[in-house]
Amino acid sequence: MRIVLVGPPGAGKGTQAAYLAKNLDIPHISTGDLFRANISQGTALGVEAQSYMKAGQLVPDSVTIGMAQDRMEQSDAVNGFLLDGFPRNLAQAEALDEILKEGGVQLDAVLDLEVPEDEVVKRIAGRRICRNDSSHVFHAIYNAPAAEGVCDVCGGELYQREDDSEETVRKRLEVYHTETEPIIDYYRAQGLVVTISALGKVDEVTAKAMDALKK
Ligand code: AMP
């Protein structure tokens, strides 16, 4: 299956993507994670991406599309993938269409995670992520780890993303509304969009998402 996951920052895309990719046996491709890996390795791409990410802006398409395409062309992705955070604007959606067309394949679904804006801000402000694995996500209040700052799953260090500050979150939400939301209509016109509420427990949302994807 080839799936695109969309939703505002804090909708739980990363968390859901990890579970869904495992259930569907396809790789989870997160452009945000690819950028963060480049930043921690100090690559030229990471250096370029960092200032945009810190400001809550989109990294330019000239950098992002090639990086996403390289990842989609790796051997583990031949039978499908779950894209998390890509495409994030219309130009990227059109580029993805071209990449898929060249490969003679198509998207199966675009899963749209809906969550109210006040919930987004609450979720992100308390979000803590494991340095070893970005799918190990906690919340300082709603899903606190047993020991502060330590991942319950693997013992890794928990940290707050640099772009999770309130000011940057507001910018990211604005960018989501102006740049990313239009892709939902773009895909709706292709009959690909399934929308589910991202409120509720993680496993309940995963179950709803799996049901929606089966249909
Ligand atoms: P995420 O981990 O998906 O929340 O992404 C974190 C940040 O990485 C975003 O706020 C952007 O600055 C950058 N980013 C991730 N994916 C993309 C993309 N498809 N296009 C442009 N910038 C992106």
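Residues numbered from 1 in each chain as written. Predicted model: local features only at pLDDT ≥ 70, side-chain atom pairs only at ≥ 80, totals over all residues. Heavy atoms only, no water.

Selection rule: UniProt positions are given in the numbering used here, feature names are shortened, and annotations may be inferred rather than shown by experiment.
The protein is annotated in an unreviewed UniProt entry as Adenylate kinase from Streptomyces viridochromogenes. In its Sequence similarities (unreviewed entry) section, the UniProt entry covering the protein states "Belongs to the adenylate kinase family." Under the UniProt heading Function (unreviewed entry), the entry covering the protein gives this text: "Catalyzes the reversible transfer of the terminal phosphate group between ATP and AMP. Plays an important role in cellular energy homeostasis and in adenine nucleotide metabolism."

1. A look at the overall build of the protein
Heads up, the condition is: A helix here means a DSSP run of H or I that spans at least four residues, while a strand means a run of E at least two residues long, and both kinds are numbered starting from the N terminus. This radius of gyration counts C-alpha atoms alone. The globule rule is 2.2 Å times how many residues there are, raised to the power 0.38. We call a residue buried when its accessible area falls under 20% of the maximum for its residue type, exposed when it is over 50%, and partly exposed in between, using a 1.4 Å probe and counting protein chains only.
The helix and strand inventory of the protein stands at nine helices and eight strands. Here the C-alpha radius of gyration of the protein, 16 Å, is about what a compact globule of 215 residues would show, namely 17 Å. Reported as C-alpha extents along the three principal axes, the dimensions of the protein are approximately 50 × 40 × 35 Å. The 215 residues of the protein split such that 46% are buried.

2. As for the layout of surface pockets
Heads up, the rule is: Space inside and on the surface of the protein is sampled on a 1 Å grid over the protein atoms alone, with a cavity defined as a set of points where a 1.4 Å probe fits but cannot get out and a pocket as an open set with protein on both sides within 12 Å along at least 5 of 7 lines; lining residues have an atom within 4 Å of a point. Grid points are joined across faces, edges and corners, and a volume is the space filled by probe spheres set on the points. Under the grouping applied here, Gly and all other residues not named as nonpolar or charged are polar, the nonpolar ones being Ala, Val, Leu, Ile, Met, Phe, Trp, Tyr, Cys and Pro and the charged ones Asp, Glu, Lys and Arg.
Computed from the structure, the second largest pocket encloses a volume of approximately 490 Å³. Of all the secondary structure elements, the ones that give two or more residues to the lining of the second largest pocket are α2 (31-41), α3 (44-54) and β5 (127-130). The greatest single-element share of the lining of the second largest pocket, amounting to six residues, is contributed by α2. Partitioned by chemical class, the residues of the lining of the second largest pocket number six nonpolar, six polar and eight charged.

3. Let's talk about the site of the ligand
Filter applied, for reference: The cutoff for a nearby residue is simple: one of its non-hydrogen atoms must lie within 4 Å of the molecule or strand. Identification of polar contacts relies on pairs of N or O atoms within 3.5 Å, with a donor-acceptor requirement for protein atoms, meaning one able to donate a hydrogen and the other able to accept it, and with residues adjacent in sequence counted only if both atoms are side-chain atoms. To measure how exposed things are, a 1.4 Å probe is used in the Shrake-Rupley method; for residues, cover is taken only from the protein chains shown.
Close to the ligand lie 16 residues, the nearest being Thr31, Arg36, Gln57, Gly85 and Gln92. Thr31 is positioned such that a nitrogen or oxygen atom in its side chain is 2.8 Å from a nitrogen atom of the ligand. With respect to the ligand, the side chain of Arg88 contributes an N or O atom lying 3.0 Å from a nitrogen atom. Protein burial of the ligand: of its 480 Å² of free accessible surface, 96% is covered by the chains.

4. Structural notes on the sheet that holds strand β7 (residues 158-159)
Counted only if it meets this: Note on pairing: DSSP must find at least two bridges between two strands before they are called paired.
Across the sheet, which stays open at both edges, the three strands sit in the order β6-β5-β7 with antiparallel pairing between neighbours. Two strands lie at the open edges of the sheet, namely β6 (137-139) and β7, each paired on one side alone. With two bridges connecting them, β5 and β7 associate as antiparallel partners. In the sheet register, Ile129 faces β7, and the bridge partner there is Tyr159.

5. So, α2
Test applied: Here the arc refers to the set of directions running from the helix axis out to each C-beta atom. Every residue pair with non-hydrogen atoms within 4.5 Å of one another is taken to be in contact.
When we look at burial in α2, the residues that qualify are Thr31, Gly32, Phe35 and Asn38. Looking straight down α2, one finds its buried side chains confined to an arc of 125 degrees; they lie on one side. In α2, the exposed residues that point more than 90 degrees away from the buried face are Ser40 and Gln41. Of the surrounding secondary structure, the elements contacted by the buried residues of α2 are β2 (28-30), α3, α4 (61-72) and β3 (81-84). Looking one or two places after α2, you find Gly42, whose phi comes out positive at around 70 degrees.

6. Some remarks on the pattern of salt bridges
Put simply, the rule reads: Think of a salt bridge as a Lys or Arg side-chain nitrogen and an Asp or Glu carboxyl oxygen that are within 4 Å of each other.
One pass over the full model with this rule turns up 14 salt bridges. Glu98 is the partner of Lys101 in a salt bridge, and the nearest nitrogen-oxygen pair spans 3.7 Å. With Lys101 and Glu98 both in helix α5 (residues 90-102) and three residues apart, this pair spans about one turn of that helix. Judged by its relative accessible area of 61%, Lys101 is exposed.

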